[in-house]
Amino acid sequence: MLALKERNNQAFGFLYDNYAGALYSIIKQIITDNNELASDVLQEVFINIWRKIETYDQTKGRLFTWMLNIARNASIDTLRSKSYQNSQKNQELPENVYKGVANQIIQQNVDNIGLKKVLETLKPEHRVLVELAYFKGFTHEEIAEMMSIPLGTVKTRIRNALLQLRQFLK
Amino acid sequence: MNIKEYIESGIIESYVMGLASESERAEFERYCTQYPELVAARRKFEEKLEAYASENAVAPPPEVKVKVLEAVGKESRTAVPSNQPPKIINMENQTQSRSSGVLKFLAAACVLLAVAMVFLYFQTKQENQDLSKANDRLLQKVTETDSILNRIVGEQKAIKDSNTIVVNMVGTKVAPRSSANVYWDSASSKVYLVVKNMPQLPTDQQYQLWALIDGKPTDLGVFDATDQKVILQMKDTRKAQAFAITIEQKGGAKSPTLEKMQSLGKTMLTQ
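Engineer: Before we go on, may I ask you to explain the overall build of chain A in this structure?
Structural biologist: Within chain A, the secondary structure is distributed over 10 helices and 0 strands. Order of helices (α) and strands (β) in chain A, N terminus to C terminus: α-α-α-α-α-α-α-α-α-α. In chain A, which comprises 170 residues, the share counted as buried stands at 36%. In chain A, the proportion of contacts linking residues at least 24 apart, taken out of those at least 6 apart, comes to 60%.

Engineer: Before we go on, may I ask you to explain the nonpolar core in this structure?
Structural biologist: One finds A:Leu23, A:Ile27, A:Leu42, A:Leu129 and A:Ala133 to be the most contacted residues of the largest nonpolar core, which totals 56 residues. Among the elements that line this core, the one with the most residues is helix H2 (residues 9-30) of chain A, at 11 residues. Here A:Leu23 is in contact with A:Leu42, A:Val45, A:Met67, A:Leu68 and A:Ala71, once residues within four sequence places are set aside. Counting 25 residues, the second-largest nonpolar core is a separate cluster that includes B:Val195, B:Tyr207, B:Trp210 and B:Phe223.

Engineer: When you look at the interface of chain B and chain A in this model, what are you seeing that I'm missing?
Structural biologist: When the parts of a complex come together, some accessible area is lost, and that lost area is often used as the size of the interface. With 35 residues of chain B in contact, the opposing surface of chain A contributes 39 residues. Every element with two or more residues in the side of chain B that touches chain A is listed here: helix H2 (11-16), helix H4 (36-55) and helix H5 (62-160) of chain B. Residue contributions to the side of chain B that touches chain A peak at 11 residues, all from H5(B).

Engineer: Which parts of the structure should I look at to understand the packing of helix H8 (residues 124-135) of chain A against helix H10 (residues 151-169) of chain A?
Structural biologist: Any two packed helices are characterised by the angle at which their axes cross and by the distance between the axes. All names here are of chain A. Where H8 meets H10, the closest approach of the two axes is 9 Å, and the angle between their N-to-C directions is 95°. Judged by the inter-axis angle, H8 sits roughly perpendicular to H10. When H8 is examined against H10, the residues Glu125, His126, Leu129, Val130 and Ala133 are found in contact with a partner set consisting of Val154, Arg157, Ile158, Asn160 and Ala161. Residues that form the contact of H8 with H10 fall into these classes: 6 nonpolar, 2 polar and 2 charged.

Engineer: Where do I start with the sheet that holds strand E2 (residues 179-185) of chain B in this structure?
Structural biologist: By way of backbone hydrogen bonds, the strands of a sheet pair with one another, either parallel or antiparallel. Residue and element names in this part refer to chain B. Ordered by their spatial adjacency, 8 strands build an open sheet running E5-E4-E7-E8-E1-E2-E3-E6, and the pairing between neighbours is antiparallel. On the outer flanks of this sheet lie strand E5 (216-223) and strand E6 (231-234), each paired with one strand and no other. Neighbouring strand axes in the sheet, compared pairwise and without regard to direction, differ in orientation by 25° on average.

Engineer: Please explain the pairing of strand E1 (residues 164-171) of chain B as it appears in this structure.
Structural biologist: As a general feature of sheets, a regular strand has side chains that alternate between the two faces. All names here are of chain B. In the sheet, E1 pairs with E2 via 6 bridges, with the strands oriented antiparallel. When the bridges of E2 are listed, Thr164 appears paired with Asp185. As paired elements, E1 and strand E8 (residues 261-266) share 2 bridges and run antiparallel to each other. Each residue of the ladder has a partner; that of Gly171, found in E8, is Ser263.

Conventions adopted
- Residues numbered from 1 in each chain as written.
- Chains lettered and ligands numbered in written order.
- Predicted model: local features only at pLDDT ≥ 70, side-chain atom pairs only at ≥ 80, totals over all residues.
- Helix = DSSP H or I, 4+ residues; strand = E, 2+ residues; numbered from the N terminus.
- Buried ≥ 20, exposed ≤ 12 C-beta atoms within 10 Å, placed from the backbone.
- Contact = placed C-beta atoms within 7 Å.
- Core = buried A, V, L, I, M, F, W, Y, C linked by C-beta atoms within 7 Å.
- Axes fitted to C-alpha atoms, helices over the stretch in contact; angles between N-to-C directions.
- Parallel < 35°, antiparallel > 145°, perpendicular 65-115°, else oblique.
- Nonpolar A, V, L, I, M, F, W, Y, C, P; charged D, E, K, R; others polar.
- Pairing = 2+ DSSP bridges.

Written as structure tokens, this is what we have:
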């Protein structure tokens, strides 16, 4: 860890070898339809890890957790970027965007990897919420509006879904 | 607050996966500083998540690593100059202070060495002088002893020589107790006197030895009573019918004061 904070290139190479696969997996779970873009995001993620390694605080969690969140946030940012949105041919109409995404998720059961496989074990009404929150990066408020359910229900369901997820990981 | 309920509420998973709101995160982090069991539970979930993610890893295209390391290498090269200078200055300072410490030590050592060498030099010089003086004294003594020994050997040789005539000088009426022996080597003409018993004289007077040659006294030298029991070499004489000892003024007289004749001895070669 110290070697990393001192920006030791060798230590960084070791870090890449150990975590690139896991991070690439999560990026691909968010950017599902574009491997090239996922690769670009992975590259950007590691460069960001290198730049921001000094801001990593061990007391707030493990290094992998920190890196995983950087990868997730970068992926969601890419997903939401204008250029990505424009590249999507089968765009929903703007006013229906939430519903469309939700439907997409429910239909999208094939070819799931990583955490998404875990989601399959969840009840559909739970799974869609985790999908929207974790893999699409919507806030609870956005999800509540999207799904037309109360904010409290969204929170409770997501918490319950996450607890089931933990059970699965055991 | 019931920490067990809190742990089981799903907040840990929500926090770790980045789904917690800003206020939830702040609250969670605050509780983490207070409840070690919360931290332990968080860590446990993180480890599981990491293990699962690693198991489900997807190998990225190899060129990504190359690009990443290239970019990072460029950044570290440009980052180095801004980061390093203070470190370099520190190191220079350290080496400077260390080398000046070494210099101080060396200087002190040099001074000590110089003082020690000067001391040793003078000590050796003094010893050398002392030894030289002692040697000179010894040499002088040896020379003295040698000359004494040579003299004694010469005298012994003369005395024991077959040509040597021993003349027993007996006391006269003036000085009946005076006695001395004259050893006269007729071949080499050497004359030795061995004082047996001659009374002490005032400091302005000395004994004088005479050889009586054809009735005429010839001076053979002066001597003191303190020269008792010492073989004295007197002046040489070729001929002598008799030897006589008189008391004369210090330094001797040209002719003997016969009334003060202390002893007389006749040679066998009386002609």
